[in-house]
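One letter stands for each residue in the lines below.
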Amino acid sequence: MKEIVRLPQWGDEMTEGEVGECYVQCGDHVDKGEALVAIEIDKTSVEIESPVSGRVLSIETEVGKIVPVGSVLAEIETE
């Protein structure tokens, strides 16, 4: 089964975030709760964690890219 990881909205004013760092690559195994990417918002860095354990199928963004809320960040194949 495939799990899609999207950029959540952390407040009413948040409309986008900048990808500050990407911790995984396609093909990597991740555990539930492991950091996938860091998002920069309002001078703060927030890590997006994997909601499941599995293999990273794709990373849909890159460092420095501004992404809107709801954007797909990664796809993970569950075990």
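Residues numbered from 1 in each chain as written. Predicted model: local features only at pLDDT ≥ 70, side-chain atom pairs only at ≥ 80, totals over all residues. Heavy atoms only, no water.

*Asks:* Explain the environment of Gly11 to me, please; I cannot follow it from the model alone.
*Replies:* Its location among the elements puts Gly11 in the loop between β1 (2–6) and β2 (16–22). With 41 residues separating them along the chain, Gly11 and Val52 place their C-alpha atoms 24 Å apart. (Helix = DSSP H or I, 4+ residues; strand = E, 2+ residues; numbered from the N terminus.)

*Asks:* Explain the sheet that holds β2 to me, please; I cannot follow it from the model alone.
*Replies:* Two strands in a sheet stick together by hydrogen bonds in their backbones, pointing the same way (parallel) or opposite ways (antiparallel). Spatially, four strands are ordered β5-β4-β2-β7 in an open sheet, and the strand pairing comes out antiparallel. Only two strands of the sheet have a single neighbouring strand rather than two, namely β5 (44–49) and β7 (66–68). Put simply, the sheet's adjacent strands are angled 40 degrees from each other on average, direction ignored. Relative to β5, strand β4 (residues 35–41) is paired through six bridges, and the arrangement is antiparallel. If you follow Glu40 over to β5, its bridge partner there is Ser45. (Pairing = 2+ DSSP bridges. Axes fitted to C-alpha atoms, helices over the stretch in contact; angles between N-to-C directions.)

*Asks:* Would you explain the nonpolar core in this entry?
*Replies:* Side chains that are nonpolar tend, in soluble globular proteins, to be buried together. The biggest cluster of nonpolar side chains holds 18 residues, and the ones touching the most others in it are Leu7, Ile39 and Ile48. Ranked by the residues each element gives to this core, the list is headed by β4, at four residues. Beyond its immediate sequence surroundings of up to four residues, Leu7 is in contact with Met14, Glu16, Gly17, Ile39, Ile48, Val67, Pro68, Val69, Gly70, Ser71 and Leu73. (Core = buried A, V, L, I, M, F, W, Y, C linked by side-chain atoms within 4.5 Å. Buried < 20%, exposed > 50% of the residue type's maximum accessible area, 1.4 Å probe, protein only. Contact = heavy atoms within 4.5 Å.)

*Asks:* Would you explain the environment of Trp10 in this entry?
*Replies:* Tracing the backbone shows Trp10 in the loop between β1 and β2. Considering only alpha carbons, one finds Trp10 and Val69, 59 residues apart in sequence, at a separation of 9.2 Å. With residues near it in sequence (within four places) discarded, Trp10 still touches Ile41, Val46 and Ile48.

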